[in-house]
Number of protein chains: 2
Amino acid sequence: MTASKRNVYLKTIPLNEAVAKTQAALDRDLLLRSKMVPTHEAAGRVLSEAVFAEFSSPTFHSAAMDGIAVIAKETFTAREGAPLRLTKGVSYLPVNTGNPLPEGYDAVVMIEHVVSVDENTVEIETPAFPWQHVRRIGEDIVATELLFPQNQQISAYDIGALLSAGIWEVRVWEKVRVCIIPTGDEVLDFEKRPTPKPGQVIESNSQVLGAMARSLDCIVDRIPPVPDVPELLEQIVEEKLNSPYHVVIICAGSSAGSKDFTRSTIASLGDVIVHGVAAMPGKPSLLGVCKDKLVAGAPGYPVSAVICFEELLTPLISWISRKPVPARPVVEAELTRKVPSKLGIEEFLRLSVGKVGDKYVATPLARGAGCITTMSRAQGVGRIPPQAEGIDQNAVVHTELLVAEKRLDEVLVTVGSHDNTLDILSDELMGLDTPMRLASSHVGSMGGILAVKNGSCHMAGAHLFDPETKDYNFPFIEKYLPDTDLTLVNLAIRHQGFIVPKGNPKNISSIEDLADGSIRFLNRQRGAGTRILFDYHLKQAGIKPSSVTGYDKEEFTHMAVAVNVLTGAADTGLGIYAAAKALDLDFVPLARERYDLIIPTAHLETPQIQSVLELLQSPTFKARIEALGGYETSLTGTIMKPGIGLGE
Amino acid sequence: MTASKRNVYLKTIPLNEAVAKTQAALDRDLLLRSKMVPTHEAAGRVLSEAVFAEFSSPTFHSAAMDGIAVIAKETFTAREGAPLRLTKGVSYLPVNTGNPLPEGYDAVVMIEHVVSVDENTVEIETPAFPWQHVRRIGEDIVATELLFPQNQQISAYDIGALLSAGIWEVRVWEKVRVCIIPTGDEVLDFEKRPTPKPGQVIESNSQVLGAMARSLDCIVDRIPPVPDVPELLEQIVEEKLNSPYHVVIICAGSSAGSKDFTRSTIASLGDVIVHGVAAMPGKPSLLGVCKDKLVAGAPGYPVSAVICFEELLTPLISWISRKPVPARPVVEAELTRKVPSKLGIEEFLRLSVGKVGDKYVATPLARGAGCITTMSRAQGVGRIPPQAEGIDQNAVVHTELLVAEKRLDEVLVTVGSHDNTLDILSDELMGLDTPMRLASSHVGSMGGILAVKNGSCHMAGAHLFDPETKDYNFPFIEKYLPDTDLTLVNLAIRHQGFIVPKGNPKNISSIEDLADGSIRFLNRQRGAGTRILFDYHLKQAGIKPSSVTGYDKEEFTHMAVAVNVLTGAADTGLGIYAAAKALDLDFVPLARERYDLIIPTAHLETPQIQSVLELLQSPTFKARIEALGGYETSLTGTIMKPGIGLGE
């Protein structure tokens, strides 16, 4: 079990080089065949050969308007006030849009310009010029002309053109068929709806990659997870290579772990082209060619697997299927905090992006490759190039959007303290007629105030208690944001206390119980209002932080604290009642506090903030907050002034 | 048959008002239900309710790296050059990525930083800090937290998050079910693969609208065309309204024609909400609500039907299905020619868009609502607002792209004379490793020279013969583009002559046969090289243009001239051999001429022009040109200099 005995990657190469090397090793003409499909089922398909029109469209001169067909040169005398009288069958004939122009006629007068005199007589007051309102033969399509070149992807519109030209079938490239093979002794088949035990994870990467492959119009099959038995894996991969798949993706196992058999499998069935790319996440990606087919090894971490697919497989599958690589819209956004990065590696940042005032702001989400929710929550992705050691706060980052740019107008950026009512707010916002998406970063109350200062959010959630004045938030705002015009609106009053296991086995009843170090406590991060509250109560009780076991262990949310208590990783932590209740834990109340939304007055009239203010007045919303337990809504939606405290 | 007897629309309303009125008349909560679907099949679906996590992810503290688990506080003495020795089972345990952290351990050291001493002993040279390379419980997902709010559209990533959180099924909004009913006595069912006679058209709008609806994830059915029998139409629409469809679209028949029964059908089964929108194309669109369902009448012209769908039905279907309206990327592009427009109507221009030098240029395509190929050939759509009377040449137009912005780098903009070899070039360009899309506007040779002058194309095709010098193109360039550095490359030498019906029934043998006016000639438009050539030969033969019957009738391409000859609309026209051959017509040679590509030298190194220059050297390309007949490739790909003439 040393470095030398493992599959340590020899060297990493840039992503574009990895793609190019694999293209050079693959013969796409051999890999993908063409086939005939009915034209009306061909939307999205790619033509494998040029298409020439069979018929012209229209195939005849036709009326382009409802009205009358006339002979242009006989109408030249018509004038306003001097109407020209025409006789049916002699100098005019009624026509509807699409009718063939009667023999001998060469223009159409719109019905709106025709005055009926009797059944066989009309008058017009304007002359017609030749071919007026006439669709001439071949106006749209001329028989035998090139309709579409090879490799054109057929749009909905193109189907109209093809059918109009009498093309009933077209030759297109086959769809790429992909087989996804999850591996690993530790992964559980999601189809069995398992409950994971420690050491086990639910297999889901195959479904993420599968959905991405289907969005490229691939046909995707997935087999149940294959255990870590190299002979078995090799046998199954070989079987799939002998089936009509173009691409085989082996999921997980491609990290450098001692149980990784993907590399050896590819090597024994063909050639490993790439092992290791200069990207993070995504570094342990594998690409190979076996039996003229593309075989990929996707890393086990979900975000690594996503990057592997999007940066390597998407361009390769697009190239095989002769489609343009899907391009994301791009905006330039200001990064809300500094992100350091490793030289020589292209790092992919998941970014929560919104428009605050006139600028786009991008907040980096957690960087761990294991957090698939960072992809879910991101509106965009940024790249730190290999030659950079990071990106500074407020630097502009080229942001590839995962949503249409227009959707960013519907993102409400909130930064600050975490609270469960924000989940309810988030859900209610999406139920509005014009839905709003809450993008919230949990960096504690002080973090929220700094974000307001930096102009990087629409609002900040804070519950900062000032022991001196016994007021909330205002003393901190006066100190850190003296020059900003702000409006504070209360979200709720909430109960903070000790989250303890069901039955309270350590019998915690007050903060004094933490004094002797026998209780394993779990703290919140610096700047969190809950930590400030804890420090205040410690001081009141005359307890030194250093005597509290676990004072230095930090979590970022109430729910994370509760989970640690649930699993026994800690005996208790300070948090809100809702977090204890959610996990069926017990709760020892310590204090009530005010949780406010700090809103720069400049943003008050934005649709984002207006939506929030509307919801704060909604009885349904208040009822949902009350139902969580541990909340009071007596101040909810009220504009706060200094000195109100808890409003009692 | 007068205006008053027809369905003349009473008034038109703006598109957004039409949508809002229809939303107000529809109850989407009544219309669309929710249903449970398996999570792994839910990509693209919209949640009808919030989803909260069942499990945390991970459910245990786990190793985030391959390496060894250690107890952080026991490693603080490790230093570079002063390695710390650890014993297996005492102070370290081997772990792979994903393994649970063994009881009592709280950090992981990466395998790359571990030196193996013997089977039970390792050394490290850096201390570990607590929780280093450890994924803690709930790092990604905390049980009971809000995963996604209601109305969230599920992405591929979201599927990973849902499965990781133990969510096997989700409640989503049903797919919108659409029934499309084509109507009209004159339309032919494309499924029968018909050959249209005059007055008949192949029904294709249902397939264009169907493909667009499927791209919104609707389930679409289409029935064969219904003849113009009002009772029958009403019966069929009622039957479909009683079936589980949410939306019924009646195609065609909604122009104000005398055979239009869509309006009366909707009125008899429910309410007409909108008839007539202030848009062109698309004006005769109808929207109604019958039996709580949405019923639309799409106009008969294909582009009108497209606008009706995209501007009215797309927002309505998106609203019903709680999805954001698909947004197109936007660029600002310079309009290459003036477009007048009617006040009070929003006009949709189909634009051929490319990047020439540093700017985007947009060339308006034909404006007829009957030309579906204008949608196929467009890279973008521009809107002329109702309050404008048009857009000036070189004005900037807000262009909604039909392709990703990045794809515009692959558009080769050519303006000028039409030639069939451009079709071959277009096809070959799309077969390159980096495909290029030829966007060509046919405005004649002089039009091409003016486009070069205006900086609105990468190259122009011209075959302008100068009678004085007997040279091609250079005398015109010297006159109109004296200050531009240009490179001329020959595309081909081609044969021009009289296109005549098979067997040459009028026995045309030379230009003199046109002198007595007995031959119905069809001319090309002013500025076309072919017209200049014709004028030269007329003058040489001493024939006055006014004595040639049809001298004033103009077509814009060789193929259009040939089609007119084929259908008997003209006895002959001047054109290239390839056009005659394509339609199996006969050809009476008149002259050989040079067709060159005029390339601003500044564009010579662009990928677009480099692709062309590469192809002009390709024997395959030359062979395809020769195979057309009527072309010589002796000069193809050669840089032209003044005075070369035909190179003989």
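Whatever comes next refers back to the structure up there.
Residues numbered from 1 in each chain as written. Chains lettered and ligands numbered in written order. Predicted model: local features only at pLDDT ≥ 70, side-chain atom pairs only at ≥ 80, totals over all residues. Heavy atoms only, no water.

Peer 1: It is not clear to me how the interface of chain A and chain B should be interpreted in this structure. Could you clarify?
Peer 2: The extent of an interface is frequently quoted as the accessible surface area lost upon association of the parts. Of the residues lining the interface, 114 residues belong to chain A; the matching set on chain B comes to 115 residues. Together chain A and chain B conceal approximately 9,100 Å² of surface at their shared face, both sides included; 61% is due to carbon and sulfur atoms. One can count six salt bridges joining chain A with chain B. Of the charged contacts in the structure, one is a salt bridge between Arg 193 of chain A and Glu 169 of chain B, with a shortest N-O distance of 4.0 Å. Inspection of the region where chain A meets chain B yields 24 residue pairs in polar contact (both at pLDDT 80 or more). Looking at the side of chain A that touches chain B residue by residue, the class counts come to 56 nonpolar, 31 polar and 27 charged. (Contact = heavy atoms within 4.5 Å. Buried area = accessible area lost by both parts, 1.4 Å probe. Salt bridge = Lys/Arg side-chain N within 4 Å of Asp/Glu carboxyl O. Polar contact = N/O pair within 3.5 Å; in protein donor to acceptor, adjacent residues only side chain to side chain. Nonpolar A, V, L, I, M, F, W, Y, C, P; charged D, E, K, R; others polar.)

Peer 1: In this structure, what is going on with the packing of helix H1 (residues 15-25) of chain A against helix H7 (residues 302-320) of chain A? I would like to understand it.
Peer 2: In a packed pair of helices, the relevant descriptors are the angle between the two axes and the axis-to-axis distance. Residues and elements named next belong to chain A. Following both chains from N to C, one finds H1 and H7 inclined at 35°, their axes separated by 10 Å at the closest point. Handedness of the H1/H7 crossing: right-handed. Residue-level contacts link Leu 15, Ala 18, Val 19, Thr 22 and Gln 23 of H1 to Glu 311, Leu 312, Pro 315, Leu 316 and Trp 319 of H7. Classifying every residue of the contact of H1 with H7 gives seven nonpolar, two polar and one charged. (Axes fitted to C-alpha atoms, helices over the stretch in contact; angles between N-to-C directions. Helix = DSSP H or I, 4+ residues; strand = E, 2+ residues; numbered from the N terminus. Left-handed = near helix turned anticlockwise from the far one by under 90°.)

Peer 1: What am I meant to see in the relation of the copies chain A and chain B here?
Peer 2: One copy of the chain maps onto the second through a rotation about an axis and a displacement along it. Superposing chain A onto chain B requires a rotation of 180° together with a translation of 0.0 Å along the rotation axis, leaving an RMSD of 0.1 Å. Such values leave the two copies arranged in the relation of a two-fold axis. Taking the C-alpha atom as reference, chain A places Pro 329 of chain A closest to the rotation axis, 3.5 Å from it. Residue by residue, 100% of the interface of chain A is reproduced at the interface of chain B, so both copies engage with the same surface. (Least-squares fit on C-alpha atoms with pLDDT ≥ 70 in both.)

Peer 1: Sorry, what's going on with the sheet that holds strand S4 (residues 67-70) of chain A here?
Peer 2: In sheet architecture, strand pairing relies on hydrogen bonds along the backbone and comes in two forms, parallel and antiparallel. All names here are of chain A. Taking strand neighbours across the sheet as the criterion, the three strands line up as S6-S4-S7 in an open arrangement whose pairing is antiparallel. Two strands close off the open sheet at either side, each with one partner strand: strand S6 (92-95) and strand S7 (107-110). Averaged over all adjacent pairs, the angle separating strand axes in this sheet is 35°, with direction ignored. Where S4 lies against S6, four bridges are found, and the strand directions are antiparallel. (Pairing = 2+ DSSP bridges.)

Peer 1: How should the environment of Ile 519 of chain A be read in this particular structure?
Peer 2: Residue and element names in this part refer to chain A. Here Ile 519 is to be found in the loop between strand S34 (486-500) and strand S35 (521-524). Judged by relative accessible area, which is 5%, Ile 519 ranks as buried. Residues Ile 519 and Val 548 lie 29 residues apart in sequence; the distance between their C-alpha atoms is 7.7 Å. (Buried < 20%, exposed > 50% of the residue type's maximum accessible area, 1.4 Å probe, protein only.)

Peer 1: Just to check I follow, could you spell out the packing of helix H9 (residues 421-429) of chain A against helix H15 (residues 607-616) of chain A for this structure?
Peer 2: Residue and element names in this part refer to chain A. It is at 11 Å that the axes of H9 and H15 come closest, and there the two elements cross at 110°. The angle between the axes of H9 and H15 places the two elements in the roughly perpendicular class. Residues Leu 425, Glu 428 and Leu 429 of H9 pack against Ser 611, Val 612 and Leu 615 of H15. Looking at side-chain class alone, the contact of H9 with H15 contains four nonpolar, one polar and one charged residues. (Parallel < 35°, antiparallel > 145°, perpendicular 65-115°, else oblique.)

Peer 1: Mind showing me how you'd approach helix H13 (residues 558-566) of chain A here?
Peer 2: Given 3.6 residues per helical turn, the α-helix brings residues three or four places apart onto the same face. Residue and element names in this part refer to chain A. Of all nine residues making up H13, eight are buried, and the element is well covered by its neighbours. For H13, every residue scored as buried is listed here: His 558, Met 559, Ala 560, Val 561, Ala 562, Val 563, Asn 564 and Val 565. Where H13 is buried, its residues contact S34, S35, helix H12 (529-541), strand S36 (554-555), strand S37 (572-576) and helix H14 (577-582). Phi for Gly 568, located one or two positions after H13, is positive at around 85°.

Peer 1: So what exactly am I meant to see when it comes to the sheet that holds strand S9 (residues 121-124) of chain B here?
Peer 2: All names here are of chain B. Read from one edge to the other, the open sheet built from three strands follows the order S5-S9-S8, with strand pairing classed as antiparallel. For this open sheet the edge positions go to strand S5 (84-87) and strand S8 (114-118), each flanked by a neighbour on one side alone. Direction aside, the axes of adjacent strands within the sheet are offset by 30° on average. In the sheet, S5 pairs with S9 via four bridges, with the strands oriented antiparallel. If you follow Thr 87 over to S9, its bridge partner there is Thr 121.

Peer 1: For this particular structure, what's the right way to read the state of the cysteines?
Peer 2: What we call a disulfide is simply a covalent bond connecting the sulfur atoms of a pair of cysteines. Under the defined criterion, the tally for this structure stands at zero disulfides over all chains. In this structure Cys 371 of chain A is a free cysteine whose sulfur lies 18 Å from that of Cys 251 of chain A, the closest cysteine sulfur available. (Disulfide = S-S within 2.5 Å.)

Peer 1: Any chance you could explain unusual backbone geometry here in plain terms?
Peer 2: Peptide bonds are, in most cases, trans, and in most cases residues other than glycine have a negative phi. Omega for the peptide link from Ser 57 of chain B to Pro 58 of chain B comes to -10°, which places this bond in the cis form. Residue position: Pro 58 of chain B is located in the loop between strand S2 (51-52) and strand S3 (62-63). With an omega of -10°, the peptide bond between Met 280 of chain B and Pro 281 of chain B qualifies as cis. Along the polypeptide, Pro 281 of chain B turns up in the loop between strand S19 (279-280) and strand S20 (286-290). Backbone geometry at Asp 217 of chain A places phi at a positive 70°, although glycine is not the residue there. What makes Asp 217 of chain A partly exposed here is its relative accessible area of 26%. Phi angles above zero are rare outside glycine, and Arg 193 of chain B is one such case at about 50°. Topologically, Arg 193 of chain B is positioned in the loop between strand S14 (187-188) and strand S15 (201-202). Exposure remark for Arg 193 of chain B: the relative accessible area of 43% places this residue in the partly exposed category.

Peer 1: Just to check I follow, could you spell out the packing of aromatic side chains for this structure?
Peer 2: Inspection of every chain in the model, using the stated rule, returns 12 aromatic pairs over all chains. Taken together, a centroid distance of 5.3 Å and an interplanar angle of 80° make the contact between Tyr 577 of chain A and Phe 587 of chain A edge-to-face. Placement of Tyr 577 of chain A in helix H14 and of Phe 587 of chain A in strand S38 (residues 586-600) is noted, with a sequence separation of 10 residues between them. Assessed through its relative accessible area of 28%, Tyr 577 of chain A is described here as partly exposed. Classification of Phe 587 of chain A as buried rests on a relative accessible area of 16%. Consider the rings of Phe 55 of chain B and Trp 168 of chain B, whose centres lie 6.5 Å apart with planes at 70°: the pair is edge-to-face. Highlighted residues: Phe 55 of chain B in the loop between S2 and S3 and Trp 168 of chain B in the loop between helix H3 (156-164) and strand S12 (169-173), separated in sequence by 113 residues. (Phe/Tyr/Trp six-rings, centres within 6.5 Å; stacked < 30°, edge-to-face > 60°.)

Peer 1: I keep staring at the pairing of S8 of chain B and nothing clicks. Help me out?
Peer 2: Each regular strand carries side chains that alternate between the two faces of the sheet. Residues and elements named next belong to chain B. Where S8 lies against S9, four bridges are found, and the strand directions are antiparallel. Bridge pairing links Val 115 to Glu 123 in S9. Here S8 folds back onto S9, and the loop between the two strands holds two residues.

Peer 1: Quick question: what am I supposed to make of the side chain of Glu 311 of chain A here?
Peer 2: Along the chain, the position of Glu 311 of chain A falls in helix H7. Not counting residues within four places of it along the chain, the set of residues in contact with Glu 311 of chain A comprises Leu 15, Val 19, Phe 348 and Arg 383 of chain A.

Peer 1: Can you walk me through H9 of chain A in this structure?
Peer 2: Summarising burial for H9 of chain A: nine of the nine residues are buried, a large majority. Taken residue by residue, H9 of chain A has Thr 421, Leu 422, Asp 423, Ile 424, Leu 425, Ser 426, Asp 427, Glu 428 and Leu 429 of chain A as its buried positions.

Peer 1: Can you walk me through the side chain of Ser 318 of chain A in this structure?
Peer 2: All names here are of chain A. With respect to the helices and strands, the residue Ser 318 is situated in helix H7. On the basis of relative accessible area, Ser 318 is assigned to the buried category, the value being 3%. In this structure Ser 318 touches Leu 313, Lys 323, Pro 324, Val 325 and Pro 326, once residues within four positions along its chain are discounted.

Peer 1: Honestly, the pattern of salt bridges in this entry has me stumped. Any pointers?
Peer 2: Pairs can form between side chains of opposite charge whenever their charged atoms are close. Residue and element names in this part refer to chain A. Under the defined criterion, the tally for this structure stands at 67 salt bridges over all chains. The residue Arg 383 makes a salt bridge to Glu 311 at a minimum N-O spacing of 3.0 Å. Taken as a pair, Arg 383 in strand S26 (residues 380-384) and Glu 311 in helix H7 lie far apart in primary sequence, 72 residues in all. A relative accessible area of 27% means that Arg 383 is categorised as partly exposed. Between Arg 594 and Asp 471 there is a salt bridge, with the nearest N and O atoms lying 3.6 Å from each other. Of this pair, Arg 594 sits in strand S38 while Asp 471 sits in strand S33 (residues 471-472), and the two are 123 residues apart along the sequence. For the pair Arg 594 and Asp 471, a shared accessibility class is recorded, and that class is buried. It is possible to trace a salt-bridge network through shared partners that takes in Glu 310, Glu 311, Arg 328, Glu 346, Arg 383 and Glu 400.

Peer 1: I tried to follow the environment of His 275 of chain A on my own but got confused; where do I start?
Peer 2: Residue and element names in this part refer to chain A. Among the secondary structure elements, His 275 is positioned in strand S18 (residues 271-275). Sequence separation between His 275 and Ser 285 is 10 residues, and the spatial gap between their C-alpha atoms is 6.0 Å. A distance of 2.9 Å separates polar atoms of two side chains, one belonging to His 275 and the other to Arg 263.

Peer 1: Would you take a moment to explain the environment of Ile 141 of chain A for this structure?
Peer 2: Positionally, Ile 141 of chain A belongs in the loop between strand S10 (134-135) and strand S11 (146-148). On the accessibility criterion, Ile 141 of chain A (0% relative accessible area) is buried. For the pair Ile 141 of chain A and Ala 53 of chain A, spaced 88 residues apart in sequence, the C-alpha separation works out to 7.3 Å. Discounting chain neighbours no more than four positions away, the residues touching Ile 141 of chain A are Ala 53, Phe 55, Ser 56, Ser 57, Leu 147, Ala 161, Ser 164 and Ala 165 of chain A together with Thr 373 of chain B.

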